[in-house]
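# Fold and contact review
Each chain, written out:
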Amino acid sequence: MSGRIFGPVAQWLLRRGIGPNTVSVTGTVAAIVAALALLGTGRLVIGPIAIGLILLTDSLDGIMARRGPGPTDFGSFLDSTLDRLADAAVFLGLVIYFVRFTEGPVSGYGVVAATVCMALAMTVSYARAKAESLARTASVGLAERADRLVVALAAALAVGLGLSPWLLVVVLGLLALASAVTVTQRIVAVWRQGEAR
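Structure report, in brief. Note that the structure is a prediction, hence the values are computed from the model and not measured.

The next subject is the overall build of the chain. Broken down by element type, the chain carries 8 helices and 0 strands. Ordering the α and β elements of the chain from the N terminus gives α-α-α-α-α-α-α-α. Here the C-alpha atoms of the chain give a radius of gyration of 18 Å, agreeing with the 16 Å that 2.2 N^0.38 yields for 197 residues. Over its C-alpha atoms, taken along the principal directions, the chain stretches across nearly 55 × 50 × 25 Å. A separation of at least 24 residues holds for 79% of the contacts in the chain among residues at least 6 apart in sequence. Both charge centroids of the chain, one from 16 positive and one from 11 negative side chains, sit 4 Å from each other.

The following block contains the structure:
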(Lines give C-alpha, C1' and ligand atoms only; values in the text may rest on other atoms or scores of the structure.)
Protein backbone atom coordinates (compact mmCIF):
# COMPACT_ATOMS: atom_id res chain seq x y z
CA MET A 1 0.00 0.00 0.00
CA SER A 2 2.66 2.53 1.05
CA GLY A 3 4.75 1.48 -1.94
CA ARG A 4 1.98 2.43 -4.35
CA ILE A 5 1.43 5.77 -2.63
CA PHE A 6 5.03 6.84 -2.03
CA GLY A 7 6.73 4.89 -4.82
CA PRO A 8 6.48 7.71 -7.39
CA VAL A 9 7.70 10.23 -4.79
CA ALA A 10 10.63 7.95 -3.96
CA GLN A 11 11.57 7.66 -7.62
CA TRP A 12 11.32 11.43 -8.13
CA LEU A 13 13.63 12.11 -5.17
CA LEU A 14 16.15 9.47 -6.22
CA ARG A 15 16.33 10.89 -9.74
CA ARG A 16 17.31 14.23 -8.21
CA GLY A 17 20.12 12.74 -6.18
CA ILE A 18 18.33 12.87 -2.83
CA GLY A 19 19.18 9.83 -0.72
CA PRO A 20 17.07 7.96 1.86
CA ASN A 21 19.23 9.14 4.76
CA THR A 22 18.57 12.75 3.80
CA VAL A 23 14.85 12.02 3.83
CA SER A 24 15.14 10.34 7.24
CA VAL A 25 16.89 13.35 8.75
CA THR A 26 14.53 15.86 7.12
CA GLY A 27 11.42 13.99 8.27
CA THR A 28 12.71 13.74 11.82
CA VAL A 29 13.59 17.43 12.00
CA ALA A 30 10.14 18.30 10.63
CA ALA A 31 8.43 16.05 13.20
CA ILE A 32 10.45 17.51 16.08
CA VAL A 33 9.76 21.10 15.02
CA ALA A 34 6.05 20.39 14.54
CA ALA A 35 5.77 18.63 17.91
CA LEU A 36 7.49 21.35 19.90
CA ALA A 37 6.25 24.37 17.95
CA LEU A 38 2.63 23.21 17.68
CA LEU A 39 1.84 20.84 20.56
CA GLY A 40 4.04 22.88 22.89
CA THR A 41 2.13 26.04 22.05
CA GLY A 42 -1.29 24.52 22.56
CA ARG A 43 -2.19 24.07 18.89
CA LEU A 44 -3.85 20.71 19.39
CA VAL A 45 -5.74 20.69 16.11
CA ILE A 46 -3.15 21.58 13.51
CA GLY A 47 -0.36 19.97 15.59
CA PRO A 48 -1.59 16.37 15.57
CA ILE A 49 -2.67 16.68 11.93
CA ALA A 50 0.72 18.04 10.83
CA ILE A 51 2.67 15.44 12.83
CA GLY A 52 0.42 12.66 11.55
CA LEU A 53 1.05 13.69 7.94
CA ILE A 54 4.80 13.84 8.54
CA LEU A 55 4.79 10.40 10.18
CA LEU A 56 2.79 8.99 7.26
CA THR A 57 5.89 9.50 5.13
CA ASP A 58 8.01 7.50 7.58
CA SER A 59 8.21 4.59 5.15
CA LEU A 60 9.44 6.81 2.29
CA ASP A 61 13.12 6.42 3.17
CA GLY A 62 12.78 2.63 3.24
CA ILE A 63 11.14 2.59 -0.18
CA MET A 64 13.93 4.82 -1.51
CA ALA A 65 16.59 2.51 -0.07
CA ARG A 66 15.03 -0.54 -1.70
CA ARG A 67 14.61 1.19 -5.08
CA GLY A 68 17.99 2.89 -4.96
CA PRO A 69 21.36 1.37 -4.09
CA GLY A 70 19.76 -0.90 -1.49
CA PRO A 71 19.28 -0.81 2.28
CA THR A 72 22.41 -0.40 4.41
CA ASP A 73 23.12 -1.19 8.04
CA PHE A 74 23.86 2.47 8.69
CA GLY A 75 20.61 3.56 7.07
CA SER A 76 18.65 1.17 9.27
CA PHE A 77 20.53 2.33 12.36
CA LEU A 78 20.01 6.00 11.49
CA ASP A 79 16.30 5.57 10.82
CA SER A 80 15.69 3.72 14.10
CA THR A 81 17.70 6.26 16.09
CA LEU A 82 15.89 9.22 14.54
CA ASP A 83 12.51 7.58 15.19
CA ARG A 84 13.30 7.66 18.91
CA LEU A 85 13.96 11.41 18.72
CA ALA A 86 10.66 12.01 16.93
CA ASP A 87 8.78 9.92 19.51
CA ALA A 88 10.38 11.82 22.37
CA ALA A 89 9.51 15.16 20.77
CA VAL A 90 5.82 14.27 20.55
CA PHE A 91 5.57 13.39 24.23
CA LEU A 92 7.78 16.33 25.22
CA GLY A 93 5.43 18.61 23.28
CA LEU A 94 2.54 17.23 25.32
CA VAL A 95 4.48 17.77 28.56
CA ILE A 96 4.99 21.42 27.59
CA TYR A 97 1.29 21.71 26.72
CA PHE A 98 0.25 20.48 30.15
CA VAL A 99 2.70 22.82 31.89
CA ARG A 100 1.69 25.90 29.92
CA PHE A 101 -2.00 25.47 29.20
CA THR A 102 -3.55 23.46 32.03
CA GLU A 103 -3.82 23.98 35.77
CA GLY A 104 -4.31 21.99 38.94
CA PRO A 105 -4.47 18.20 39.02
CA VAL A 106 -4.88 17.83 35.25
CA SER A 107 -1.55 19.61 34.77
CA GLY A 108 0.33 17.48 37.28
CA TYR A 109 -1.14 14.17 36.16
CA GLY A 110 -0.71 15.13 32.52
CA VAL A 111 2.98 15.91 32.93
CA VAL A 112 3.57 12.63 34.76
CA ALA A 113 1.61 10.57 32.22
CA ALA A 114 3.34 12.13 29.19
CA THR A 115 6.78 11.78 30.80
CA VAL A 116 6.20 8.13 31.67
CA CYS A 117 4.98 7.49 28.11
CA MET A 118 8.16 9.06 26.76
CA ALA A 119 10.41 6.98 29.03
CA LEU A 120 8.59 3.73 28.32
CA ALA A 121 8.56 4.38 24.57
CA MET A 122 12.35 4.50 24.69
CA THR A 123 12.44 1.33 26.82
CA VAL A 124 10.17 -0.59 24.46
CA SER A 125 12.43 0.24 21.54
CA TYR A 126 15.61 -0.47 23.49
CA ALA A 127 14.34 -3.89 24.58
CA ARG A 128 13.85 -4.94 20.97
CA ALA A 129 17.19 -3.52 19.82
CA LYS A 130 19.09 -5.18 22.67
CA ALA A 131 17.39 -8.50 22.01
CA GLU A 132 18.39 -8.33 18.36
CA SER A 133 21.99 -7.55 19.34
CA LEU A 134 21.93 -10.84 21.28
CA ALA A 135 20.58 -12.70 18.22
CA ARG A 136 17.14 -13.00 19.78
CA THR A 137 13.80 -11.49 18.85
CA ALA A 138 11.51 -9.24 20.88
CA SER A 139 9.05 -7.93 18.33
CA VAL A 140 6.06 -8.94 20.46
CA GLY A 141 4.02 -6.47 22.44
CA LEU A 142 0.73 -4.76 23.05
CA ALA A 143 1.81 -1.22 22.11
CA GLU A 144 3.91 -0.79 18.99
CA ARG A 145 5.34 2.59 17.97
CA ALA A 146 2.66 3.43 15.41
CA ASP A 147 -0.13 2.46 17.83
CA ARG A 148 1.25 4.72 20.57
CA LEU A 149 1.65 7.72 18.33
CA VAL A 150 -1.73 7.38 16.61
CA VAL A 151 -3.58 7.05 19.92
CA ALA A 152 -1.71 9.94 21.58
CA LEU A 153 -2.19 12.27 18.60
CA ALA A 154 -5.86 11.33 18.23
CA ALA A 155 -6.48 12.12 21.90
CA ALA A 156 -4.63 15.44 21.57
CA LEU A 157 -6.73 16.30 18.52
CA ALA A 158 -9.93 15.49 20.42
CA VAL A 159 -8.86 17.87 23.20
CA GLY A 160 -8.03 20.51 20.60
CA LEU A 161 -11.54 20.14 19.21
CA GLY A 162 -13.05 20.90 22.61
CA LEU A 163 -13.00 17.82 24.81
CA SER A 164 -11.59 17.95 28.34
CA PRO A 165 -7.80 17.71 28.81
CA TRP A 166 -8.60 14.90 31.23
CA LEU A 167 -9.25 12.73 28.17
CA LEU A 168 -5.63 13.17 27.12
CA VAL A 169 -4.45 12.40 30.65
CA VAL A 170 -6.46 9.17 30.76
CA VAL A 171 -5.34 8.10 27.29
CA LEU A 172 -1.69 8.77 28.11
CA GLY A 173 -2.09 6.83 31.34
CA LEU A 174 -3.48 3.85 29.42
CA LEU A 175 -0.67 4.16 26.88
CA ALA A 176 1.87 4.13 29.69
CA LEU A 177 0.27 0.97 31.07
CA ALA A 178 0.23 -0.67 27.62
CA SER A 179 3.88 0.26 27.12
CA ALA A 180 4.81 -1.24 30.49
CA VAL A 181 3.01 -4.44 29.48
CA THR A 182 4.91 -4.43 26.19
CA VAL A 183 8.26 -4.11 27.98
CA THR A 184 7.29 -7.04 30.20
CA GLN A 185 6.22 -9.11 27.20
CA ARG A 186 9.55 -8.50 25.50
CA ILE A 187 11.54 -9.38 28.60
CA VAL A 188 9.59 -12.62 28.95
CA ALA A 189 10.02 -13.42 25.24
CA VAL A 190 13.81 -13.03 25.44
CA TRP A 191 13.96 -15.04 28.69
CA ARG A 192 12.00 -17.89 27.12
CA GLN A 193 14.33 -17.94 24.12
CA GLY A 194 17.26 -18.20 26.50
CA GLU A 195 15.62 -21.06 28.38
CA ALA A 196 14.89 -22.88 25.15
CA ARG A 197 18.59 -22.74 24.24
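Orientation of helix α2 (residues 20-38) relative to helix α5 (residues 73-101), taken along the N-to-C sense of each, is 5°, at an axis distance of 8 Å. With respect to each other, α2 and α5 are oriented roughly parallel. Residues Asn21, Ser24, Val25, Thr28, Ala31, Ile32, Ala35 and Leu36 of α2 pack against Phe74, Gly75, Leu78, Asp79, Leu82, Leu85, Ala86, Ala89, Val90, Leu92, Gly93 and Ile96 of α5. Here the contact of α2 with α5 is composed, by residue class, of 14 nonpolar, 5 polar and 1 charged.

In this section: the nonpolar core. Nonpolar side chains tend toward joint burial in soluble globular proteins. Among the nonpolar cores identified, the biggest contains 35 residues, and Leu39, Ile51, Val90, Phe91, Leu94, Leu168 and Leu172 are the most heavily contacted of them. Of all the secondary structure elements, the ones that give two or more residues to this core are α2, α3 (46-56), α5, α6 (104-133), α7 (145-160) and α8 (165-196). A per-element tally of this core places α5 first, with 8 residues. Discounting chain neighbours no more than four positions away, the residues touching Val90 are Ala35, Leu39, Ile51, Leu149 and Leu153. Phe6, Val23, Ile63 and Met64 belong to the second largest nonpolar core, which has 7 residues in total.

Moving on: the environment of Pro20. Mapped onto the elements of the fold, Pro20 is located in helix α2. When its relative accessible area of 16% is taken as the criterion, Pro20 is described as buried. Along the primary structure Pro20 and Pro69 are separated by 49 residues, whereas in three dimensions their C-alpha atoms are 9.9 Å apart.

Before going further, it helps to spend a moment on the environment of Gly93. With respect to the helices and strands, Gly93 occurs in helix α5. Residue Gly93 is classed as buried on the basis of its relative accessible area of 0%. C-alpha separation for the pair Gly93 and Leu36, spaced 57 residues apart in sequence, amounts to 4.8 Å. If we skip the residues at most four places from it in the chain, Gly93 touches Ala35, Leu36, Leu39 and Gly40.

Turning our eyes to something else, we now look at the pattern of salt bridges. Scanning the model with the defined rule gives 5 salt bridges in all. One salt bridge in this structure joins Arg84 and Asp87, with 3.7 Å as the shortest N-O distance. You can see Arg84 and its partner Asp87 sitting in helix α5, 3 residues apart, about one turn around the helix. Residue classification places Asp87 among the buried residues on the basis of a relative accessible area of 1%. A salt bridge links Asp87 to Arg145, with the nearest nitrogen and oxygen atoms 2.7 Å apart. Taken together, the positions of Asp87 in helix α5 and Arg145 in helix α7 put the pair 58 residues apart, joining distant regions of the chain. Arg145 gets classed as buried once you look at its relative accessible area, which sits at 16%. A cluster of three or more residues bridged by salt bridges with shared partners is formed by Asp83, Arg84, Asp87 and Arg145.

Calculation criteria
Residues numbered from 1 in each chain as written. Predicted model: local features only at pLDDT ≥ 70, side-chain atom pairs only at ≥ 80, totals over all residues. Heavy atoms only, no water. Helix = DSSP H or I, 4+ residues; strand = E, 2+ residues; numbered from the N terminus. Rg over C-alpha atoms; globule rule 2.2 N^0.38 Å. Contact = heavy atoms within 4.5 Å. Lys, Arg positive; Asp, Glu negative; His and termini not counted. Charge placed at Lys NZ, Arg CZ, Asp CG, Glu CD. Axes fitted to C-alpha atoms, helices over the stretch in contact; angles between N-to-C directions. Parallel < 35°, antiparallel > 145°, perpendicular 65-115°, else oblique. Nonpolar A, V, L, I, M, F, W, Y, C, P; charged D, E, K, R; others polar. Core = buried A, V, L, I, M, F, W, Y, C linked by side-chain atoms within 4.5 Å. Buried < 20%, exposed > 50% of the residue type's maximum accessible area, 1.4 Å probe, protein only. Salt bridge = Lys/Arg side-chain N within 4 Å of Asp/Glu carboxyl O.

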